[in-house]
Amino acid sequence: MCINESQQDHQWYYNLKYLVTGVLFGIVFVKAEVISWFRIQEMFRLQSFHMYGIIGSAVLVGMLSVWLIKTLKIKTIHGEKITFSDKKFNKGQIYGGLIFGLGWGLTGACPGPLFAQIGVGATVVMVTLLSAIAGTWVYGRFREQLPH
């Protein structure tokens, strides 16, 4: 069980809010050109600040959100406590980040925008999606044998 997983049982339709949020997030990705292969290539070629600005904004919003949650002791909408646990650094994070960045640069897609890219008709991205799923499965299958 995840550290912040809800202890409450909900009806199936309770999860529809995540579908709506995902669709709205996808629309924002499309309008902000976050899913554009050309924008991603510009970023990796250091030709444009567009993607760095978006990523930087997301990091700042995340930092502010975590700080507010910790400072104000904000709870979930169901009143459950939100906890943060320290992460231990290991060299596998460097290797994983390099592999992730290489895949992102080669395919022009990271996991979030994959669905939005498929949604706007770039069906060739399904190959990238299936590869991401396969890679996740392989990691899960061999996780115990990998150095951490």
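Rules used throughout
Residues numbered from 1 in each chain as written. Predicted model: local features only at pLDDT ≥ 70, side-chain atom pairs only at ≥ 80, totals over all residues. Heavy atoms only, no water. Salt bridge = Lys/Arg side-chain N within 4 Å of Asp/Glu carboxyl O. Helix = DSSP H or I, 4+ residues; strand = E, 2+ residues; numbered from the N terminus. Buried < 20%, exposed > 50% of the residue type's maximum accessible area, 1.4 Å probe, protein only. Phe/Tyr/Trp six-rings, centres within 6.5 Å; stacked < 30°, edge-to-face > 60°. Patch = residues over 30% accessible without salt bridge, like charges linked within 9 Å, V, L, I, M, F, W, Y side chains within 5 Å. Areas by Shrake-Rupley, 256 points an atom, 1.4 Å probe, with all protein chains shown as cover. Axes fitted to C-alpha atoms, helices over the stretch in contact; angles between N-to-C directions. Parallel < 35°, antiparallel > 145°, perpendicular 65-115°, else oblique. Left-handed = near helix turned anticlockwise from the far one by under 90°. Contact = heavy atoms within 4.5 Å. Nonpolar A, V, L, I, M, F, W, Y, C, P; charged D, E, K, R; others polar. Core = buried A, V, L, I, M, F, W, Y, C linked by side-chain atoms within 4.5 Å.

1. Quick look at the pattern of salt bridges
All chains considered together, the criterion is met by three salt bridges. The partner of glutamate 42 in a salt bridge is arginine 39, with the nearest N and O atoms 3.4 Å apart. One end of the pair, glutamate 42, and the other, arginine 39, are both in helix α2 (residues 37–44), three residues apart, so they sit about a helical turn from each other. The exposure class assigned to glutamate 42 is partly exposed, which follows from its relative accessible area of 26%. Between arginine 143 and glutamate 144 there is a salt bridge; the shortest N-O distance is 3.8 Å. If you follow the salt bridges from partner to partner, you end up with Glu33, Arg39 and Glu42 in one network.

2. Quick notes on the packing of aromatic side chains
Under the counting rule described, the total for this entry stands at five aromatic pairs. A ring pair is formed by phenylalanine 25 and phenylalanine 29, whose centres lie 4.4 Å apart and whose planes are at 50°; its orientation type is tilted. Note that phenylalanine 25 and phenylalanine 29 are positioned in helix α1 (residues 16–31) at a spacing of four residues, about one turn of the helix. Measuring from centroid to centroid gives 5.3 Å for phenylalanine 44 and tryptophan 104, while their planes differ by 90°, and the two rings are edge-to-face. Taken together, the residues phenylalanine 44 in helix α2 and tryptophan 104 in helix α4 (residues 92–107) connect sequence positions 60 residues apart. Its relative accessible area of 37% is what places phenylalanine 44 among the partly exposed residues.

3. Structural notes on a nonpolar patch on the surface
Together, Trp12, Tyr13, Leu16, Leu19, Val20, Val23, Leu24 and Ile27 line one region of the surface with nonpolar side chains, adding up to about 860 Å² of accessible area. Positionally, valine 23 belongs in helix α1. The class for valine 23 is partly exposed, based on a relative accessible area of 47%.

4. Focus on the packing of helix α5 (residues 111–119) against helix α6 (residues 125–142)
The geometry of α5 relative to α6 is characterised by a closest axis approach of 9 Å and an angle of 150° between their N-to-C directions. Overall, the two elements α5 and α6 adopt an arrangement that is roughly antiparallel. Here the hand of the crossing between α5 and α6 comes out left-handed. Mapping the contact onto sequence places Leu114, Phe115, Gln117 and Ile118 in α5 and Val125, Met126, Thr128, Leu129 and Ala132 in α6. Residue composition of the contact of α5 with α6, grouped by class: seven nonpolar, two polar and no charged.

5. Regarding the nonpolar core
Counting nine residues, the largest nonpolar core consists of Phe29, Val34, Ile35, Ile40, Met43, Met51, Trp104, Cys110 and Ala116. Residues in contact with methionine 43, not counting those within four places in the same chain, are Ser48, Met51, Tyr52, Ile55 and Trp104.

6. Let's talk about the side chain of threonine 128
Topologically, threonine 128 is positioned in helix α6. Given a relative accessible area of 18%, threonine 128 falls into the buried group. If we skip the residues at most four places from it in the chain, threonine 128 touches Thr107, Ala109 and Leu114.

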